Amino acid sequence: MVSYLTEELVQQGHEVTLFASGDSATTARLVPGCPEALRSAGSCLDPLAHHVLMLEQLFQRAEEFDIIHLHVDYLYFSLSRRSTVPSVTTLHGRLDLPDLQPLFREFSDTRVISISDAQRAALPGANWLGTVYHGLPEDRHTFYQGAGDYLAFVGRISPEKRVDRAIEIARRAEMPIKIAAKIDKQDREYFERDIAPLFVLPHVQYLGEIGESVKWELLGHARALLFPIDWCEPFGLVVIEAMACGTPVIACRKGSVPEVMVDGVTGFIVDTVDEAVCAVGHVRELSRAACRRVFEERYTAARMARDYVKIYDQVLAPAPSPVLIAAGVPRYAREIVSAANRPTLPGNRDFAA
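Report on the accompanying structure. Predicted model, so just to flag it, every value in this text is computed and none were measured.

## Here we look at the nonpolar core
- In this structure, Ile157, Ile177, Ile179, Met243 and Tyr299 are the most contacted members of the largest nonpolar core, which totals 83 residues.
- Broken down by element, this core gets its largest block of residues, eight residues, from helix H12 (residues 301-316).
- Apart from residues no more than four positions distant in its own chain, Met243 is found in contact with Val260, Met261, Thr266, Cys291, Arg292, Val294, Phe295 and Tyr299.
- The next biggest cluster of nonpolar side chains, apart from the first, holds 23 residues, and it includes Val72, Leu91, Leu95 and Phe104.

Pasting the structure below:
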């Protein structure tokens, strides 16, 4: 998302400096925080050290910029209080963790942006500036007119993503399922104990972690994407990736799903496995062109960048005068506030109320 946003901001004529890994491909000015992406660098044992260093380098140069937009969660909160340059951060992850409550109570003044309204539920007291849905480059995702003869699952192998539930839905719908998913270190035990035995079933094909071009092929030729989550998903990027390909989504009614999807148009929102199996039988009735149209209307990178620029403008706008602030308040209050703007003339007396 940071890459898509950066490139679109440059395309729309803004001057952008990107603090990221040195191997990043970008049309913005690149300031490398490390030689290569940490996830693929086998020698990286402590990624936090690189992030702290990058943030220090950023805030040493803060005065060069009009606004700073961060995507490093809460790591920069203390630094932002010590800088005169306005900053905002997009929170990309889950917020329903008890550890976050005291942190956000302390930093209730820090400007944050959500990726769905549902994401805000756990932290209603945070200083939310707005919600900006993710967006994808419109020309990077091919629209596939015809539906295939398999179901797809794309994501992580983790308890909350419920790939086991996707396998069960496909089995009961009597359809093969192709699974493209990574296994994070913390989920390895779960995978080996609960999921690996399911991968030997005859209707299951596990592809491992795949690249972008392969993902579009997988999604585009699928009958439907299964998204049977069991947690409050902050957004669900793969849902709009499927829409971009014209592929309907069958998703559980959790987190941002009712916000992001259009039930009965871009797929079906379900509450049970039985409903999901039934939805598989009706998915051919949906228009793949309509799925693509919703993507083009709501989830392009161009729209995402424009929405962020509106928030930048909101943050950078000069504070309104007390007279403007008082517009719409009772007459007596307006007169008191307005008095603060009148020049003090000989004989005039000011009263505090």
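And the narrative resumes.
## As for the packing of aromatic side chains
- Taken as a whole and assessed by the stated rule, the structure comprises eleven aromatic pairs.
- Centre to centre, the rings of Phe19 and Phe65 are 6.2 Å apart; their planes meet at 85°, and the pair counts as edge-to-face. Of this pair, Phe19 sits in strand S1 (residues 17-20) while Phe65 sits in the loop between helix H2 (47-60) and strand S3 (68-70), placing them 46 residues apart in sequence. By the burial criterion, Phe19 is buried, and Phe65 matches it.
- Three or more aromatic residues joined by ring pairs make a cluster, and in this case those are Tyr76, Phe77, Phe104 and Phe107.
- In this structure, Lys178 packs its charged tip against the face of Tyr150, placed 4.3 Å from the ring centre.

## A short note on the packing of helix H8 (residues 237-245) against helix H11 (residues 288-298)
- Contact geometry of H8 with H11 gives a least axis separation of 6 Å together with a crossing angle of 125°. With respect to H11, the element H8 is oriented oblique. Every pair of crossing elements has a handedness; the one defined by H8 and H11 is left-handed. Contacts between H8 and H11 pair Ile240, Met243, Ala244 and Cys245 from the former with Arg288, Cys291, Arg292, Val294 and Phe295 from the latter.
- Residues belonging to the contact of H8 with H11 are distributed by class as follows: seven nonpolar, no polar and two charged.

## Examining the environment of Asp23
- Position of Asp23 relative to the elements: it lies in the loop between S1 and strand S2 (29-32).
- Asp23 gets classed as partly exposed once you look at its relative accessible area, which sits at 44%.
- Residues Asp23 and Ala37, spaced 14 residues apart in sequence, show a C-alpha to C-alpha distance of 6.8 Å.
- Here Asp23 is in contact with Pro35, Glu36 and Ala37, once residues within four sequence places are set aside.

Conventions and cut-offs
- Residues numbered from 1 in each chain as written.
- Predicted model: local features only at pLDDT ≥ 70, side-chain atom pairs only at ≥ 80, totals over all residues.
- Heavy atoms only, no water.
- Core = buried A, V, L, I, M, F, W, Y, C linked by side-chain atoms within 4.5 Å.
- Buried < 20%, exposed > 50% of the residue type's maximum accessible area, 1.4 Å probe, protein only.
- Helix = DSSP H or I, 4+ residues; strand = E, 2+ residues; numbered from the N terminus.
- Contact = heavy atoms within 4.5 Å.
- Phe/Tyr/Trp six-rings, centres within 6.5 Å; stacked < 30°, edge-to-face > 60°.
- Lys NZ or Arg CZ within 6 Å of the ring centre and 35° of its normal.
- Axes fitted to C-alpha atoms, helices over the stretch in contact; angles between N-to-C directions.
- Parallel < 35°, antiparallel > 145°, perpendicular 65-115°, else oblique.
- Left-handed = near helix turned anticlockwise from the far one by under 90°.
- Nonpolar A, V, L, I, M, F, W, Y, C, P; charged D, E, K, R; others polar.

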